[in-house]
Amino acid sequence: MKRKKFIAIAAATAAAVPLGYYGYQKSKKVYNQVNFPAMLAQFCSAEELKGIGSAYLQTVPDERDAEKLKSLLLAGISAQKITSSNANEHLNKKTEEDFLKENVKVLNQWVITHTEARQCALFSLTYK
Amino acid sequence: MHIDARQLENNTIIEGDICIIGAGAAGITSALQWKNTPYKIILLEGGGFEYDDKAQDLLGGKTIGHPYYPNRSSRLNYFGGATMHWGGMCSVFDDIDFEKRDWVANSGWPIQLKDIKPFYPQAHEILDLGVYEWGAEYFLKNDSSLKPLPLDEKIIWNKMWHFSPPTRFGTKYRKEITEAANIHLYTYAHATEITATENVNAITQVTVKNHAGKTHTVKAKYFVMASCAIQNSRQLLVSNKQAPKGLGNDNDLVGRYFMEHPEIQSGELWLNEVTPLKFYEQPKNKVRAELAMAPDVQRNLKILNATVSLMPLQLSKKAMPSVTIYQEQDPRKSMDTFIKYSSLDKRNFLQRTFSKSIFGSYGLFTRTEQEPNPNSRVVLSATEKDELGVPRADLNWQLSHLDKKTVFELNKLIGQEVGRAGIGRVKLKDWLADDSVKDLPEYTSGGWHHMGTTRMSDDPKTGVVDADCKVHGIDNLFIASSSCFTTGGAVNPTLTVVAISLRLAAHLKEKIKGSEKA
Ligand SMILES: Cc1cc2nc3c(=O)[nH]c(=O)nc-3n(C[C@H](O)[C@H](O)[C@H](O)COP(=O)(O)OP(=O)(O)OC[C@H]3O[C@@H](n4cnc5c(N)ncnc54)[C@H](O)[C@@H]3O)c2cc1C
């Protein structure tokens, strides 16, 4: 089941992890958090998420860079203060704001926010 | 009183005050408004009291445009008309439906909703629709098990629908009609020609024929056409002795602007919590809500009116487009296939099988207004005549880009509002999300809603009938039908057809009273 698979991924990436403390491993976890559109992932398989990400990158080729996407997604939180929980909170808020501002796209048939599209793009570049 | 026109002596002259052509929802409603009055009403019905294949064949004709149901089976040629097959889904038009909208070509009625509204309560009763309430709040207050989606009502609101049992006019009103002393129902009286005076400003008589080889003449002071959009326009077009282009057709409008409600599965709603949406998907309640767009949203996006209904996704995935399963020439066979393959008869089985897990995802089904299009039209066949010698009516149903744009924008908007409410996400159908596809797909169905063809306008250059449903230029010819609709709104037509017929009857009563005083 698509949903089950992603609930499992969500569980694996949900822990709040202070970035500076855990080093590379933890930074990867935050990466996973950033590249993971939690609501959408309840309904989409990994392949679908990647497909959405690739579709987004086709429309914005400039953003085909994981670091750039990450910094665009996390813009507004100071680098030292990033944890996976506040990254998550930040992205949820951004997603909400996008919906409020009608910053919405249709990618691979899904009606999603710009933030979610970028998360999928990051996912397509980083998820193995 | 009932008379079988096959049993009359050939060339009988039938005379009355008002002649109504067609005994479906509109004709029966119209006739009953005159019950127990001093006026003699002649109600002409092309068929009998039961289905008759020969009579049915008189409705045959080709469909030459967007794929559609066969003309022969999309209406019924017997007492009760298409209500002997209809689904019974009813809702009311919105104010915006009557407005001139500069982004909708040929929109704008000469009347407003407030002119029809006073007739909705009686129409509601005629169609056995239960309590006369149209606000969602009423139903939510009275049944705590109904839960609306938490969407912003200024954008997406809950439009209510009532389900008629469905009322079969031929069954329910037969006794009342046949027992009314002043209503003379003639069955097997298929109108084949309408004759006007030499200067075409009044109708003198209608010719009726049947398969028994009988021809009769009906004379009256007023004539009301009530044979629905395809047959009304056909009757006007074939009546071309005094007016070479057909009656009411000086401006080449009769038959044009045929409209339907394009209906199609348009997307999927995925909810993050399992939520039974009984409020939206339970016809058993006799009422249900659909997701509708606020008028300002329609104005801002420059789109048509449309609504979306919800059905558990597993059910909706099994549903086949009506247009692919209702293709038999015999309407009874078409209906059997429709019931067999549509989702309806699988509902109970699937609901049992999937039990609660069915309620996490829903199919979105859009019904949209279509943009009035002059090329969407009924034309007379150049080659084919029916058995009574009348040219057949061919249907060329055409859609336009705005129809697809509307379906796209509405479903995207629902996606946006569902996302904003934090309850899930929406996935559009592939053809809908593809912006290189400009039109609705071939398998877009209609709701068997025939509208337009004798549209209403104050100006004879843009409409066949005026605001009182009188044919422009002809003093005593009126039309009670969805053929008068200038635009089709987003909802099924019959409630409004009945309301418009009541309004016409009230107008005629005033007119007759006025002329008697004079
Ligand atoms: C399968 C199906 C499902 C439907 N579901 C719905 C629904 O859920 N909701 C809704 O609102 N609408 C629905 N409709 C449409 C609804 O049936 C019509 O809107 C309604 O019947 C229109 O009423 P009417 O009297 O104008 O036309 P009709 O009901 O078509 O009646 C016309 C009458 O005129 C007679 N006639 C035709 N030609 C002649 C002639 N030359 N001379 C004499 N008599 C003639 C016919 O025999 C018939 O009795 C459905 C229709 C079908 C077929």
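Residues numbered from 1 in each chain as written. Chains lettered and ligands numbered in written order. Predicted model: local features only at pLDDT ≥ 70, side-chain atom pairs only at ≥ 80, totals over all residues. Heavy atoms only, no water.

Novice: What am I meant to see in the sheet that holds strand 2 (residues 13–15) of chain B here?
Specialist: Note on sheets: strands pair through backbone hydrogen bonds, and any given pair is parallel or antiparallel. All names here are of chain B. Taken in spatial order, the 4 strands make up an open sheet running 2-10-9-8, and their pairing is mixed. On the outer flanks of this sheet lie strand 2 and strand 8 (190–196), each paired with one strand and no other. Taking the axes of each pair of neighbouring strands and ignoring which way they run, one obtains an average angle of 25° across the sheet. Here 6 bridges tie strand 8 to strand 9 (residues 203–209), and the two strands are oriented antiparallel to one another. For isoleucine 194, the partnering residue across the bridge sits in strand 9 and is valine 206. (Pairing = 2+ DSSP bridges. Helix = DSSP H or I, 4+ residues; strand = E, 2+ residues; numbered from the N terminus. Axes fitted to C-alpha atoms, helices over the stretch in contact; angles between N-to-C directions.)

Novice: Looking at this structure, I do not really get the pairing of strand 12 (residues 263–271) of chain B. What am I missing?
Specialist: Within a regular strand, the side chains alternate between the two sheet faces. Residues and elements named next belong to chain B. Of all the 9 residues making up strand 12, 9 are buried; the element is thus mostly covered by neighbouring parts of the structure. Alignment of strand 12 against strand 15 (residues 361–368), held across 7 bridges, turns out to be antiparallel. Directly across from leucine 269, in strand 15, lies its bridge partner tyrosine 362. Pairing of strand 12 with strand 18 (residues 424–428) involves 5 bridges; the strand directions are antiparallel. Across the sheet, the residue bridging to tryptophan 270 is arginine 425, located in strand 18. (Buried < 20%, exposed > 50% of the residue type's maximum accessible area, 1.4 Å probe, protein only.)

Novice: So what exactly am I meant to see when it comes to the sheet that holds strand 18 of chain B here?
Specialist: In space, the 9 strands of this open sheet follow the order 1(A)-2(A)-18(B)-12(B)-15(B)-14(B)-13(B)-6(B)-5(B), with antiparallel pairing throughout. The open sheet has two free edges, formed respectively by strand 1 (104–107) of chain A together with strand 5 (89–90) of chain B, since each of these has just one partner strand. Across 2 bridges, strand 13 (residues 287–293) of chain B lies against strand 14 (residues 306–312) of chain B in antiparallel orientation. What sits directly across from Leu291(B), in strand 14 of chain B, is Val308(B). In the packing of helix 4 (residues 46–59) of chain A onto the sheet, the strands contacted are strand 1 and strand 2 (110–113) of chain A together with strand 18 of chain B, and the crossing angle to strand 1 of chain A comes to about 110°. (Contact = heavy atoms within 4.5 Å.)

Novice: How should the side chain of Thr454(B) be read in this particular structure?
Specialist: Position of Thr454(B) among the secondary structure elements: in the loop between helix 17 (430–433) and strand 19 (477–479). Here Ser483(B) takes part through its side chain, which lies 2.8 Å from a polar atom of the side chain of Thr454(B). (Polar contact = N/O pair within 3.5 Å; in protein donor to acceptor, adjacent residues only side chain to side chain.)

Novice: It is not clear to me how the domain arrangement of chain B should be interpreted in this structure. Could you clarify?
Specialist: The extent of an interface is frequently quoted as the accessible surface area lost upon association of the parts. All names here are of chain B. Structurally, chain B comprises domain 1 (1–88 + 110–129 + 168–260 + 453–518) and domain 2 (130–163 + 262–368 + 400–439). For domain 1 and domain 2, the distance between their C-alpha centres works out to 33 Å. Here domain 1 packs against domain 2, burying approximately 2,100 Å² in sum over the two surfaces, 62% of which is carbon and sulfur. For the pair domain 1 and domain 2, the interface holds 0 salt bridges. It is helix 5 (residues 120–126) that contributes the most residues to the side of domain 1 that touches domain 2, 3 residues altogether. Of the residues in the side of domain 1 that touches domain 2, the class split is 12 nonpolar, 6 polar and 5 charged. (Domains from an automatic or database assignment. Buried area = accessible area lost by both parts, 1.4 Å probe. Salt bridge = Lys/Arg side-chain N within 4 Å of Asp/Glu carboxyl O. Nonpolar A, V, L, I, M, F, W, Y, C, P; charged D, E, K, R; others polar.)

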